Amino acid sequence: MPSAPATTAVLYSQSEVPDSLFDDDSIDVTDLTVQTTRALDEILPPVDPALLAEEPRFAYFPWRKSLVKIPGPLSFRRLRLDRNRHKLTAADLDAAAKLRIGVVGLSVGHAIALTLTLEGLAGELRLADFDDLELTNMNRIPATLLDIDTNKAVVASRRLSEIDPYLTTSVFSNGITAANIDEFLDGLDLVVEECDSFDVKVLVRHRCRQLGIPVLMETSDGGTLDVERFDLEPDRPLFHGLAGDLHIEDLVGLDRARLTPLAVKVLEPAMVTAPMAASAIELGHSVTAWPQLAGDVLLGGATVAAAVRRLVQGRPLPSGRVRFDRDTWLDGLTDPLDRVLGNVGTADESADRELPVEEMSDLELITYAASRAPSAGNQQPWQIIADDDSVTIALDRCRTSTLDIEHRASAVAVGAALHNARVAAASRGVLDDIEVVADDRTILGRVRLKGLGAGVHAPEHERELRSLLARSTRRGPGDGSPLDDTDLIRLADVADTEVTRLVPLADRARITTFASIADRSDRVRFLTPQLHREMFAELTADPTDGAGIDIASLDLPPAMAGMLDVLRRADVMSLLDEWGGGAALGADAAARVTSASGILLLVQRGRTSADYLRAGLVVEQLWATAEQLGYAVHPMTPAFLYAFDDATARSLSSNHGDVLAGLRREMHELCPVADDESVTIALRVSRSASPTVRSRRLPG
């Protein structure tokens, strides 16, 4: 009797390889371990050293007359499935390696078994088909002319073995019969049924229902995927009850003419594609078998693999039917260009036109100057109220965020606006005094006025006002050149007051430490759902928005700008957090800090709202002075800055609170402050050619 054809590779340890294989000149011997060892050395994250020490194996493919030296099973799997990572976790793949799956019918089934193997979604595959490969099969089965007249299950098994010699495969070359079905199903976790014989379809489901084995089927028409969870529903009717209460004994002896209507019922005649419905009528007349396209068959492999992934990951996969109809999808093509053009706002040009300063009245100038102050996220957390006696800048508690603890950042912004208003009033000679009011209910700054319209202009204050009105945030990278000592003295002269003192980070070591803090702080902002949501709510590309940070002003590197729509997705951040990933999320912040000439930390004396407001007056002066000295200024306030203790820092992030608490302690080591002091703001100063983009303002 002829021997059964070889269907899988024969595996040997190095010491077990028969000499005859090396001595046979007709056998091609290949060593892949040099390449794979190098790849294992370079893979990220680094592999367990035990894998590198694993003994290689030899895989012999008799039908190829080839002997191949390959890594051991653990290192082979680690390397072959490396590109699955972040779509399938190591735990997912370990669970998949235990799956035993049977595939009945190796036309569509070939593509399914191939996809399951490529993705590492099975530890054992049993393949059943009685038919040999013919030329008419090669419009959809990924085989070669050299495989013709070979059993389809054998062809598939050989191909899978050439991809993964460690995968266990077995072949049932007589197909599925009442005599062998129990052997085929024994111990299986899942069956994928893709055969043409309707009676075998019923037989497989009938026995799977009795054994509690789920069944998947992909019809390759309109991308229809069926899921029958007999493991969860032991009394579920076959084919969702679409063909009635079927019994295998009722189908014995039925010819194609009588079986075809039952098969069509299962497919739901109103739902099948028109070519398939018409072909059902033409079977035996103008066509000899059901039509199938390679694209549909390959899509079937992908959809079944997606269903198996859900089982592996413990995600819901109920009984039912779904269609992945490519033609329907293509009918719904939309043009991204239309969406891009449709999202471009049309700015009201008149809103961007500003009355020249010299044409403004005293009150117009003072309120305008106040409105040009900086604020976190350009939220402008104030209300500006003017009358003949005063201009009041009051905190608007509605314009806040999670990081604005007890409105401390907002109080700084109100202080900066108060400084601008004070300088504007002084430039017109109408400044009387300023007042700060801060208690549990109120945070405001007030400029008291005198002699509106009759004041004498003060040139020195007009020059200062011009610099304040020209002030901008420039976020582009610097050239890394150091701060000049004379510049540091000038900046310290501005910042060292009864209210505040300056702590400059000017040496490379301290700048690098702050860069590391900024890096990890930004990563937490991305990975904390509330902080991530607020961060992207601050960004705008709409020229009609009066608040928020213009995306154009971020001066993002091309790689990050291209990923912005990915970075704003909460589901992506959730996955990165789940994987312990996202190391790159803070890299841009770190790079910007590293490129700086220095970091100016303004430390205030006192921790009340009034103290933050008064420190805001100095912030604006310090910022304007740095710009006058030729530096670009960019506030880079870490997420935890306004937390007075570790507990408050932890409360800012539901999932990374401990990280923020730790960063707060690192910051204290970098910039020690007394119990009655606090860091008001961190300003990155650099020499930069980045463009100036003026922040828009809400209407007054």
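From a predicted model like this one, the values you see are computed outputs, not experimental measurements.

Peer 1: Give me the overall build of the chain: which residues, what numbers.
Peer 2: When helices and strands are counted, the chain shows 28 helices and 21 strands. Expected size for 700 residues packed as a compact globule is a radius of gyration near 27 Å; at 36 Å, the chain overshoots this value by more than 25%. In terms of its C-alpha atoms, the chain occupies a principal-axis envelope of roughly 115 × 60 × 40 Å. Within the chain, the fraction of its 700 residues that count as buried is 49%. Once local pairs closer than 6 in sequence are excluded, the contacts in the chain between residues at least 24 apart make up 73%. Surface summary for the chain: the accessible area is close to 33100 Å², and the carbon and sulfur share equals 53%. Each charge class in the chain can be summarised by its mean position, and for the 72 positive and 106 negative side chains these summaries are 2 Å apart.

Peer 1: Hey, could you go over the pairing of strand β19 (residues 598–605) for me, with residue numbers and the actual values?
Peer 2: For β19, the tally of buried residues reaches 7 of 8 residues, placing the bulk of the element in the interior. Two strands pair when backbone bridges link them, and strand β16 (residues 500–505) and β19 are joined in this way by 6 bridges, in the antiparallel orientation. By the bridge assignment for β19, Val 503 is matched with Leu 601.

Peer 1: Quick one: what's the story with the packing of aromatic side chains, residue by residue and with numbers?
Peer 2: This model, assessed by the stated rule, comprises 7 aromatic pairs. The interplanar angle of 90° and the centroid separation of 5.1 Å between the aromatic rings of Phe 172 and Phe 184 together place this pair among those described as edge-to-face. Of this pair, Phe 172 sits in strand β7 (residues 168–172) while Phe 184 sits in helix α8 (residues 181–185), placing them 12 residues apart in sequence. Considering the side-chain rings of Phe 198 and Phe 239, the 5.5 Å spacing of their centres and the 15° angle between planes classify their relative orientation as stacked.

Peer 1: Pulling in residues and values, what's your account of empty space enclosed by the protein?
Peer 2: Summed over the entire model, instances satisfying the criterion amount to 1 cavity of 30 Å³ or more. One number sums up the size of the largest cavity: a volume of about 30 Å³. Considered class by class, the residues forming the lining of the largest cavity number 3 nonpolar, 1 polar and 2 charged.

Peer 1: Talk me through the environment of Tyr 166; I want residue IDs and the actual numbers.
Peer 2: With respect to the element layout, Tyr 166 can be found in the loop between α7 (152–163) and β7. Considered as a pair, Tyr 166 and Leu 74 are 92 residues apart in the sequence and their alpha carbons are 9.8 Å apart. Those residues within four positions of Tyr 166 in sequence are excluded, and the remaining contacts are Leu 11, Arg 57, Ile 70, Pro 71, Gly 72, Pro 73 and Phe 76. Looking at Tyr 166, its side chain comes within polar contact range of the main-chain oxygen of Pro 71, at 2.6 Å.

Peer 1: Provide a residue-level description of the environment of Asp 577, including the pertinent values.
Peer 2: Within the secondary structure layout, Asp 577 lies in helix α24 (residues 570–579). Expressed as a C-alpha distance, the spacing of Asp 577 and Ser 197, which sit 380 residues apart in the sequence, is 48 Å. Ignoring anything within four residues of it in the chain, the contact list for Asp 577 reads Leu 527, Asn 655 and His 656.

Peer 1: Account for the sheet that holds β16, with residues named and values stated.
Peer 2: Taken in spatial order, the 4 strands of this open sheet run β16-β19-β21-β20, and their pairing is antiparallel. Single-partner strands in this sheet number two, and they are β16 and β20 (632–635). Each strand axis lies, on average, 30° off the axis of its neighbour in the sheet, ignoring direction. Pairing of β19 with strand β21 (residues 677–686) involves 8 bridges; the strand directions are antiparallel. Bridge pairing in β21 places Leu 601 opposite Ala 682. Against the sheet, helix α20 (residues 508–527) touches β16, β19 and β21, its axis set at about 100° to β16.

Peer 1: Help me get a handle on the pattern of salt bridges, residues and values and all.
Peer 2: Under the definition given, this model contains 32 salt bridges. Residue Glu 435 is joined to Arg 446 by a salt bridge in which the shortest nitrogen-to-oxygen separation is 3.0 Å. One end of the pair, Glu 435, is in strand β14 (residues 431–438); the other, Arg 446, is in strand β15 (residues 443–449), and 11 residues separate them in sequence. A relative accessible area of 24% means that Glu 435 is categorised as partly exposed. What you see here is one network of salt bridges that share partners, running through Glu 193, Lys 201, Arg 205 and Glu 228.

Reading the values: the criteria
Residues numbered from 1 in each chain as written. Predicted model: local features only at pLDDT ≥ 70, side-chain atom pairs only at ≥ 80, totals over all residues. Heavy atoms only, no water. Helix = DSSP H or I, 4+ residues; strand = E, 2+ residues; numbered from the N terminus. Rg over C-alpha atoms; globule rule 2.2 N^0.38 Å. Buried < 20%, exposed > 50% of the residue type's maximum accessible area, 1.4 Å probe, protein only. Contact = heavy atoms within 4.5 Å. Areas by Shrake-Rupley, 256 points an atom, 1.4 Å probe, with all protein chains shown as cover. Lys, Arg positive; Asp, Glu negative; His and termini not counted. Charge placed at Lys NZ, Arg CZ, Asp CG, Glu CD. Pairing = 2+ DSSP bridges. Phe/Tyr/Trp six-rings, centres within 6.5 Å; stacked < 30°, edge-to-face > 60°. 1 Å grid on protein atoms, 1.4 Å probe; cavity = no way out; pocket = protein on both sides within 12 Å on 5 of 7 lines; lining within 4 Å. Points joined across faces, edges and corners; volume = space filled by probe spheres on them. Nonpolar A, V, L, I, M, F, W, Y, C, P; charged D, E, K, R; others polar. Polar contact = N/O pair within 3.5 Å; in protein donor to acceptor, adjacent residues only side chain to side chain. Axes fitted to C-alpha atoms, helices over the stretch in contact; angles between N-to-C directions. Salt bridge = Lys/Arg side-chain N within 4 Å of Asp/Glu carboxyl O.

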